[in-house]
Amino acid sequence: MRKSRTRQYYESCAAQYAMSTSAIDLSEQLALFGRHLTPRTRVLDLGSGGGRDLRSLSSMGVAVLGMDYSRALCAIASQTSGCPVVCGDMRSLPFRDAVFDGVWCIGALLHLKRADVPAVLLAIHQILVEHGVLACSVKLGQGSATDDKGREFTFFGRQE
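Here we summarise the structure given alongside this text. (Residues numbered from 1 in each chain as written. Predicted model: local features only at pLDDT ≥ 70, side-chain atom pairs only at ≥ 80, totals over all residues. Heavy atoms only, no water.)

### Here we look at the overall build of the protein chain
- Of regular secondary structure, the protein chain possesses six helices and eight strands.
- Along the chain direction, N to C, the helices and strands of the protein chain fall in the order α-α-α-β-α-β-α-β-β-α-β-β-β-β.
- Here the C-alpha radius of gyration of the protein chain, 15 Å, is about what a compact globule of 160 residues would show, namely 15 Å.
- Taken along the three principal axes of its C-alpha coordinates, the protein chain extends 40 × 35 × 30 Å. (Helix = DSSP H or I, 4+ residues; strand = E, 2+ residues; numbered from the N terminus. Rg over C-alpha atoms; globule rule 2.2 N^0.38 Å.)

Below you can see the structure in the form of structure tokens.
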């Protein structure tokens, strides 16, 4: 992730952030992702935030593990979802190669410096089994910016 200001925001505002994102409906995206999974497949929710998607993925019958950069969000996500959650930095994934059938990475890559993204995508590829599936999202735009909460974002063009 970027500078510690982004992490500090998620540590200090974890409860508010989890509450503000809990009602976001990603059922369409989850259904598309779920078409590539079977029950008991292993899925990593990378950047699990407050646990909203962990709960949804778990209800699909997959074995899901959450990972987030914020210890406060990890605690909330685990409590909210009932799923295991590890605290870690996606720039240094603590997993063996070919251990996950799917990686759900919604709203997390956008906090990385642009130069870090290729290495993180390669690391995600390495932890996926052959023919594993990745779902990710980024912010559309150019350059980077800091929002009024101090979070830093990198924007991506359509072709990127």
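### Quick word on helix 3 (residues 27–34)
- Among the residues making up helix 3, those that are buried are L30, F33 and G34. Taken down its axis, helix 3 places every buried residue within 100 degrees of arc, on the same side. (Buried < 20%, exposed > 50% of the residue type's maximum accessible area, 1.4 Å probe, protein only. Arc of directions from axis to C-beta.)

### Notes on the side chain of R52
- In this structure, R52 sits in helix 4 (residues 52–59).
- Here T21 takes part through its backbone oxygen, which lies 2.8 Å from a polar atom of the side chain of R52.
- With sequence-adjacent residues up to four places away left out, R52 is seen in contact with T21, S22, I24 and L26. (Polar contact = N/O pair within 3.5 Å; in protein donor to acceptor, adjacent residues only side chain to side chain. Contact = heavy atoms within 4.5 Å.)

### A short note on helix 5 (residues 71–81)
- Those residues of helix 5 that sit buried are L73, C74, A77 and S81. With its buried residues spanning 105 degrees around the axis, helix 5 presents them on a single face. Structural note: helix 5 exposes R71 and Q79 on the side pointing more than 90 degrees away from its buried face.
- Its buried side turned inward, helix 5 meets helix 1 (4–12), helix 2 (14–21), helix 4, strand 2 (63–68) and strand 3 (85–87).
- Following helix 5 by one or two positions, G82 adopts a phi angle in the positive range, close to 75 degrees.

### Brief notes about the sheet that holds strand 1 (residues 42–46)
- Strands sit in the order 3-2-1-4-5 across an open sheet of five strands; the sheet is parallel. The strands lining the two open edges of the sheet, one partner per strand, are strand 3 and strand 5 (128–136). Neighbouring strand axes in the sheet, compared pairwise and without regard to direction, differ in orientation by 20 degrees on average.
- As judged from the five bridges shared by strand 1 and strand 2, these two strands associate in the parallel manner. The residue bridging V43 from the neighbouring strand is V64, located in strand 2.
- Sitting on the sheet, helix 5 is in contact with strand 2 and strand 3, with an inclination near 175 degrees to strand 3. (Pairing = 2+ DSSP bridges. Axes fitted to C-alpha atoms, helices over the stretch in contact; angles between N-to-C directions.)

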